[in-house]
Amino acid sequence: MRVLLSNDDGVNAPGLAALAAAFPDDEVWVVAPDREQSASSHAISLHRPLRIVDLGGRRFSVDGTPTDAVYLALNHVLRGRPPDLVLSGVNHGPNLGNDVLYSGTVAAAMEGALLGVSAIAVSLAARPPHDFGPAAAFAAALARRVASQPPATPTLFNVNVPAGPVKGYRLTRLGVRTYGNEVVEKLDPRGRSYFWIGGDASHQDIPLSDCNTVFDEGLVAVTPLHLDLTHDGLLGGMAGFSIPGYRRELDP
Ligand code: MN
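Residues numbered from 1 in each chain as written. Predicted model: local features only at pLDDT ≥ 70, side-chain atom pairs only at ≥ 80, totals over all residues. Heavy atoms only, no water.

(A) The overall build of the chain, seen in detail. For the chain, the helix and strand inventory stands at 7 helices and 13 strands. Compactness check: the chain gives a C-alpha radius of gyration of 20 Å against a globular reference of 18 Å for 252 residues, within 12% of the reference. The dimensions of the chain, computed from C-alpha atoms along their principal axes, are 60 × 60 × 45 Å. In the chain, once contacts between residues fewer than 6 apart in sequence are set aside, the share between residues at least 24 apart is 73%. When the accessible surface of the chain is split by element, carbon and sulfur atoms take 55% of a total near 14,100 Å². Across the chain, the mean location of the 20 positive side-chain charges is 4 Å away from that of the 26 negative side-chain charges. (Helix = DSSP H or I, 4+ residues; strand = E, 2+ residues; numbered from the N terminus. Rg over C-alpha atoms; globule rule 2.2 N^0.38 Å. Contact = heavy atoms within 4.5 Å. Areas by Shrake-Rupley, 256 points an atom, 1.4 Å probe, with all protein chains shown as cover. Lys, Arg positive; Asp, Glu negative; His and termini not counted. Charge placed at Lys NZ, Arg CZ, Asp CG, Glu CD.)

Here it is in structure tokens:
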């Protein structure tokens, strides 16, 4: 199996090394940002040049975002020899519920799926010191399972692993995780205000959600994601919708 690994914690992050170590008998390629890019979401660098550094041993760093790294990996480094799977992680910290919209870890995997390769984002929902081994081993086992029966269309899985040995997993849906809406205002040395945003994260109690599965049950959460954000339920219920003053073109 040929796998492409990336992350948002940087090419030298221990979680990425642990993930690579979980594929001892496979052709492993690492293309990852040269520094931490957590919470960079799906940003792509369209307005500046990017540099790739060949670190040897099929490892490359990119001075860009996680999305840039996977884009360059699939369209340049591995052009003409696509990997069986893209894996992103192991992130140091969870990516649950709303986190997936901010996460560079998930975005790197998502870029793989957008470019036609099934992908897995894997995150360790634990406090330091981190042992990435169990999460990496679980991700590798899931990768083999996905690659053994390649899906008709590229699939994307978001995996979150609690601390310690893996007790089991649940197939989940995204929960709701919030950051307290906190804004801390301080003064800089020149007397101007600056702000820190994002307080302590908490999650809503939603049975069978990824948040409950990881935090309350201590199980691995495996959430299949799709890239089409269209709200089909709302769309289907808007037959009588109109905006005064504007002609609505009805569906053929
Ligand atoms: Mn990160």
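(B) Structural detail: the packing of aromatic side chains. Inspection of every chain in the model, using the stated rule, returns 3 aromatic pairs. Between the aromatic rings of W29 and F60, the centroid separation amounts to 6.2 Å while the plane-to-plane angle is 10 degrees, which identifies the pairing as stacked. Taken together, the residues W29 in strand β2 (residues 27-33) and F60 in strand β4 (residues 59-62) connect sequence positions 31 residues apart. The residues W29 and F60 share a single accessibility class, namely buried. (Phe/Tyr/Trp six-rings, centres within 6.5 Å; stacked < 30°, edge-to-face > 60°. Buried < 20%, exposed > 50% of the residue type's maximum accessible area, 1.4 Å probe, protein only.)

(C) Highlighting the pattern of salt bridges. All told, the structure shown has 6 salt bridges when counted by the stated rule. Across the pair R35 and D34 runs a salt bridge whose closest N-O atoms are separated by 2.9 Å. In this structure D34 comes out as partly exposed when scored by relative accessible area, which is 29%. Where E249 meets R247, a salt bridge forms, and the shortest distance between an N and an O atom there is 2.7 Å. (Salt bridge = Lys/Arg side-chain N within 4 Å of Asp/Glu carboxyl O.)

(D) Representation of the packing of helix α2 (residues 66-77) against helix α4 (residues 104-114) within the structure. Where α2 contacts α4, the two axes come as close as 8 Å, and the packing angle between them is 25 degrees. Classified by the angle between their axes, α2 and α4 sit roughly parallel to one another. For the pair α2 and α4, the crossing hand works out as right-handed. The segment α2 lies against α4, with P66, T67, V70, Y71 and L74 engaging G104, A107, A108, E111 and G112. For the contact of α2 with α4, the class distribution of residues is 6 nonpolar, 3 polar and 1 charged. (Axes fitted to C-alpha atoms, helices over the stretch in contact; angles between N-to-C directions. Parallel < 35°, antiparallel > 145°, perpendicular 65-115°, else oblique. Left-handed = near helix turned anticlockwise from the far one by under 90°. Nonpolar A, V, L, I, M, F, W, Y, C, P; charged D, E, K, R; others polar.)

(E) The side chain of Q37, seen in detail. Locating Q37 in the fold gives a position in the loop between β2 and β3 (52-56). Classification of Q37 by relative accessible area gives buried; the value is 19%. Reaching out from Q37, the side chain makes a polar contact with the backbone oxygen of G64 at a distance of 3.4 Å. In this view, Q37 contacts D8, G64, T65 and P66; residues no more than four positions away in its chain are not counted. (Polar contact = N/O pair within 3.5 Å; in protein donor to acceptor, adjacent residues only side chain to side chain.)

(F) Molecular detail of the coordination of the manganese ion. Each protein donor to the manganese ion is listed here as D8 (OD), D9 (OD), S38 (OG) and N91 (OD1); together their distances run 2.1 to 2.2 Å. Positions of the donor residues of the manganese ion, expressed as sequence spacing, correspond to D-D-x28-S-x52-N. Of this pair, D8 sits in the loop between β1 (2-6) and α1 (14-21) while N91 sits in strand β5 (residues 85-92), and the two are 83 residues apart along the sequence. (Donors = N, O, S within 2.8 Å, 3.2 Å for Na, K, Ca; no water.)

(G) Layout of α2. Taken across its 12 residues, α2 has 9 buried, putting it largely inside the fold. For α2, the elements touching its buried residues are β1, β2, β3, β4, β5 and α4.

(H) Expanded view of the layout of surface pockets. Empty space within the largest pocket amounts to approximately 830 Å³. Taken together, 30 residues make up the lining of the largest pocket; nearest its centre are P94, D99, R177, Y179 and A201. Those elements that place two or more of their residues in the lining of the largest pocket are β5, α3 (99-102) and β9 (177-178). The residue inventory of the lining of the largest pocket, partitioned by class, reads 10 nonpolar, 12 polar and 8 charged. The volume enclosed by the second largest pocket comes to roughly 480 Å³. As for the second largest pocket, its lining consists of 21 residues, of which L101, L174, H226, D228 and L229 are closest to the centre. Elements that contribute at least two residues to the lining of the second largest pocket include exactly α3, α4 and β13 (220-225). (1 Å grid on protein atoms, 1.4 Å probe; cavity = no way out; pocket = protein on both sides within 12 Å on 5 of 7 lines; lining within 4 Å. Points joined across faces, edges and corners; volume = space filled by probe spheres on them.)

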